[in-house]
Amino acid sequence: MPRVLVVDDDELNLTTFERCFRRDLVVHVAASGADAIAVLERGPIDVVLADYSMPEMDGLKFLGIVKSRWPNTGRLLVTAYLDMGPLDPELVHHVVTKPWDREDILERVRAARISSP
Amino acid sequence: MSPPSSASALEQAWSAHAVERERAAAITAAWLIVVLVPLWGAFDRLLEPALFERFLVLRAADAAVTVAALVGLRRARSLAAIRRWSALSALACGWTIASMLPQIHAHYELYTVGFSLVFWGVGLLYAWPPSRTAAVFLLVLAAHVGGRSANPANASTEQFAGSLFYLGSAACVALFVSSSRRRLERAAFEASFEREVQNHTLESTILTLQRTQEQLIASEKLSALGRLLAQLSHEISNPVNVLKNNLGPLSGYARGMAAVLRQAKPELSPEARRTWQEHEIDYALEDCEAALADMGAAVGRIRTVHADIRAFMRGEGPTREAANVLDGLRSTVAMFKRSLPPSIVVREQYAPLPSTSCQPGQLNQVFLNLLENARDAVRERGEIAIEARTSGENIVVLVTDTGPGVDPASRPRLFEPFFTTKDVGKGTGLGLAVCYEIMQRHGGAISLDESYPAGARFVVKLPVVAPSAGAVQG
């Protein structure tokens, strides 16, 4: 099962994610970018899903760190904004809009896992 | 108002004013003559009883001419006609007395003074152009001189010279009075006309200001609502996400538990049966799925509103391209027509439009929203007309339907977010607000044609911002 790490400052989103995907994915959660980095340091993760708007470290900043330190990890950005503007496809493999769709997430995780070398 | 048109407007107003003024003056003068004739008759009988009957005929003839002039004055429409009739009555009066004077023996001076009333009357009542006044006076004086030449014996040369001197001076003074009256009247008229023009300009300026203010208030209200919506949209996305995505697992849990409970029911202990009854588990098993389905539907509705709000906030980006609005309009209408029953007729009329810098997808959304509103308005049967053309520097698209039209009370709020006349659950009230926002971003406008008599007509105005000016294509 793909190992994913979800980073979101809204705890309800984290528990929802775990509940939805407990049979399909190995779900790790973190409530902030710093916590998430600690999780990544503990063991390998296939794909990270980072919420865009978080206090202290936003999703893009976090994905930047992931890209430089764990370049083989797939990187998805989760956001409520429809207009994120042009994003660097090397940094963000895909943007998922909230509220997300279960099937869409599964597909994106699979794709991100394959596309990350 | 530019000066030349103001000057010609002034002349027009002045001549219209002059017709009424001169008619009133002439009618007053004519009535004066008619009223005074019997008095003068009494005067003749007292002073010149021998000449009374002859004079009465002359005075009666004068009165008759004056009455004819009165009728003519009432009917006259042009200034020239009024002046003809008033000159005629003045001349008749002057000629009458000029023809009487040479026959008088005893009271020559008194009649000369009476004669001078013609000049004073004209000078005080009429504001004719000086040349006309002078002409009338000269004619009257000529009659006086002519009368003297015909009857040289009655008055002495001194008397005649004195009367001529007196009447000539009266004519000069009256001429001066008449022409100054004319100048004063003209000056007063010009001043009041100017004041009227200024008032008019002021009024229209105030009206424009009021309208601009209303528009400003409306757009400020809308943009404040827009900011609120953006925040709201963002704030509710997490809770909506949680609600939506927990419903699936929750339904799964419920189904699993229900299956287990139904299987275990026959083997339950008496105590468990009591608990079962207490909590109405039979009912709960039946109702649980329905309650979850209701929640699912409700979340679905929230998501629709949320999606609408997001569509509303979308497109703030500056990505514009040169496109022909007609292409998008045609394909939007074609797509829309597929969703219509055959009882709704669609009429399309397109003039060639120039390319313009715009967000074509956004404009298509405007058209689609208007078309969908039109469809909702005509319900089962009716007609929807789409027209596109250029008007000055703008592209104009009209969407007209044969529905019941927009109720006047709803008109001021038509473009407010969340304002809807549709049934609950049928419309979020964001369609026209979205259109408004999009047109604002394009520097254009969308409005309801309030003068359109039947149904509703929406007017979309888009300024042509030509990347390649003059590139007109069908």
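Because the structure is a prediction, the values reported are computed rather than measured.

Novice: Explanation requested: the overall build of chain B in the structure shown.
Specialist: When its secondary structure is counted, chain B shows eleven helices and nine strands. Put simply, chain B has 474 residues, and 39% of those count as buried. Of the contacts formed within chain B by residues at least 6 apart in sequence, a portion of 76% connects residues at least 24 apart. Carbon together with sulfur atoms contributes 61% to the accessible area of chain B, which is approximately 26100 Å² in total.

Novice: Any chance you could explain the interface of chain A and chain B here in plain terms?
Specialist: How big an interface is tends to be stated in terms of the accessible area lost upon association of its parts. Each partner contributes to the interface: chain A provides 18 residues, whereas chain B provides 18 residues. Summing the contributions of chain A and of chain B, the shared interface buries around 1600 Å²; its carbon and sulfur component is 49%. Inspection of the region where chain A meets chain B yields one salt bridge. We note a salt bridge from lysine 244 of chain B to aspartate 101 of chain A, for which the minimum N-O separation is 3.3 Å.

Novice: I would appreciate a short explanation of helix H5 (residues 130–150) of chain B in the present structure.
Specialist: At 3.6 residues per turn, the α-helix brings residues three or four places apart onto the same side. Residues and elements named next belong to chain B. Compared with an ideal rise of 1.5 Å per residue, which puts 21 residues at 30 Å, H5 spans 30 Å between its outermost C-alpha atoms and is within 8% of the ideal. Buried residues of H5: Thr133, Val136, Phe137, Val140, Leu141, Ala143, His144, Gly147 and Arg148, and no others. What you see down the axis of H5 is that its buried residues fit within an arc of 140 degrees, all on one side. Within H5, the exposed residues directed more than 90 degrees away from the buried face are Ser131, Leu138, Ser149 and Ala150.

Novice: Can you walk me through helix H3 (residues 59–69) of chain A in this structure?
Specialist: Residue and element names in this part refer to chain A. Inspection of H3 places Gly59, Phe62, Leu63 and Val66 among the buried residues, and these make up the whole buried set. Looking down the long axis of H3, one finds its buried residues gathered within 100 degrees of arc, a one-sided arrangement. Exposed residues lying more than 90 degrees from the buried face of H3 are Lys61 and Ser68. Those residues of H3 hidden inside the fold are in contact with strand S1 (3–7), helix H2 (33–42), strand S3 (47–51) and strand S4 (74–79).

Novice: How do you make sense of the sheet that holds strand S2 (residues 26–30) of chain A when you look at a structure like this?
Specialist: Backbone hydrogen bonds hold the strands of a sheet together, and the pairing may be parallel or antiparallel. Residue and element names in this part refer to chain A. Strand order in the open sheet formed by five strands is S2-S1-S3-S4-S5, with parallel pairing between adjacent strands. Looking at the sheet topology across the chains shown, the edges are occupied by S2 and strand S5 (94–97). Across the sheet, the axes of successive neighbouring strands diverge by a mean angle of 25 degrees, strand direction being ignored. In the sheet, S4 pairs with S5 via four bridges, with the strands oriented parallel. Bridge pairing links leucine 77 to valine 95 in S5. Across the sheet, helix H1 (residues 11–21) is in contact with S1, S2 and S3; its angle to S2 comes to roughly 175 degrees.

Novice: Could you clarify how one ought to interpret the pattern of salt bridges in this entry?
Specialist: Two side chains of opposite charge can pair, provided their charged atoms sit close to one another. Residues and elements named next belong to chain B. Enumeration according to the criterion identifies 25 salt bridges over all chains in this entry. A salt bridge links glutamate 185 to arginine 21, with the nearest nitrogen and oxygen atoms 2.5 Å apart. Here glutamate 185 is found in helix H6 (residues 157–264), whereas its partner arginine 21 is found in helix H1 (residues 3–47), with 164 residues between them in sequence. Since its relative accessible area comes to 16%, arginine 21 is described here as buried. With a closest N to O distance of 2.7 Å, glutamate 190 and arginine 186 form a salt bridge. Taken together, the residues span about one helical turn, with glutamate 190 and arginine 186 both in helix H6 at a distance of four residues. A cluster of three or more residues bridged by salt bridges with shared partners is formed by Arg21, Glu22, Arg83, Arg181 and Glu185.

Novice: Teacher, can you tell me more about the packing of helix H4 (residues 108–125) of chain B against H5 of chain B here?
Specialist: Think of two packed helices as two axes; the pair is described by the angle between the axes and how far apart they sit. All names here are of chain B. One can describe the packing of H4 onto H5 by two numbers: an axis separation of 10 Å at closest approach and a directional angle of 165 degrees. As the angle between them shows, H4 and H5 are arranged roughly antiparallel. H5 is crossed by H4, and the crossing has right-handed handedness. For the pair H4 and H5, the contacting residues are Tyr108, Phe115, Phe119 and Val122 in the first and Thr133, Phe137, Val140, Leu141 and His144 in the second. Of the residues that constitute the contact of H4 with H5, the class distribution is seven nonpolar, two polar and no charged.

Novice: Would you explain the packing of aromatic side chains in this entry?
Specialist: Aromatic ring pairs are reported here in terms of the distance separating the ring centres and the angle at which the planes meet. Residues and elements named next belong to chain A. Counted by the stated rule, this structure contains twelve aromatic pairs over all chains. Between phenylalanine 21 and tryptophan 100, the ring centres sit 5.6 Å apart and the planes meet at 40 degrees, which makes this aromatic pair tilted. With phenylalanine 21 in helix H1 and tryptophan 100 in the loop between S5 and helix H4 (102–115), the pair connects residues that are 79 residues apart, well separated along the chain. Accessibility expressed as a relative area gives 4% for tryptophan 100, which makes it buried.

Novice: I tried to follow the environment of leucine 141 of chain B on my own but got confused; where do I start?
Specialist: Residue and element names in this part refer to chain B. Turning to its location among the elements, leucine 141 is positioned in helix H5. Between the C-alpha atom of leucine 141 and that of glycine 94, which follows or precedes it by 47 residues, the distance is 8.4 Å. Discounting residues that sit within four places of it in the chain, leucine 141 has contacts with Phe119, Leu167, Gly168 and Ala171.

What counts, and where the lines are drawn
The written sequence of each chain sets the order in which its residues are numbered from 1. As they are written, the chains are lettered A onward and the ligands numbered 1 onward, keeping that order. Confidence filtering applies because this is a predicted model: local features only for residues at pLDDT of at least 70, side-chain atom pairs given and counted only at 80 or more, and all residues used for totals across whole chains, interfaces and linings. As a convention, hydrogens and water are excluded, and side-chain values are obtained from all of the structure's heavy atoms. To qualify as a helix, a DSSP run of H or I must reach at least 4 residues; to qualify as a strand, a run of E must reach at least 2; elements of each kind are numbered from the N terminus. Three exposure classes are used, based on accessible area relative to the maximum for each residue type with a 1.4 Å probe and protein chains only: buried under 20%, partly exposed in between, and exposed over 50%. Should any heavy atoms of two residues lie within 4.5 Å, those residues are considered in contact. Residue burial considers only the protein chains on display, and all accessible areas are found by Shrake-Rupley using a 1.4 Å probe. Reported buried area values correspond to the accessible surface (1.4 Å probe) lost by two parts on association, with both partners' losses combined. Salt bridges, as used here, are contacts in which a Lys or Arg side-chain nitrogen is within 4 Å of a carboxyl oxygen on Asp or Glu. Here the expected span of a helix is defined as 1.5 Å times the quantity of residues minus one. Along the arc lie the directions from the helix axis toward the C-beta atoms. Pairing between two strands is assigned when DSSP locates at least 2 bridges connecting them. Every angle, taken between N-to-C directions, lies between 0 and 180 degrees, and every axis is a line fitted to C-alpha atoms, over only the stretch in contact when it is a helix. For this classification, under 35 degrees means roughly parallel, over 145 means roughly antiparallel, 65 to 115 means roughly perpendicular, and everything else is oblique. Crossing handedness is defined as follows: a turn of the near helix away from the far one that is anticlockwise and smaller than a right angle gives a left-handed crossing, while the clockwise case is right-handed. The classification used treats Ala, Val, Leu, Ile, Met, Phe, Trp, Tyr, Cys and Pro as nonpolar, Asp, Glu, Lys and Arg as charged, and all other residues, Gly among them, as polar. Side-chain rings of Phe, Tyr and Trp (the six-membered ring for Trp) are treated as a pair once their centres are within 6.5 Å; stacked means planes under 30 degrees apart, edge-to-face means over 60, and tilted covers the remaining angles.

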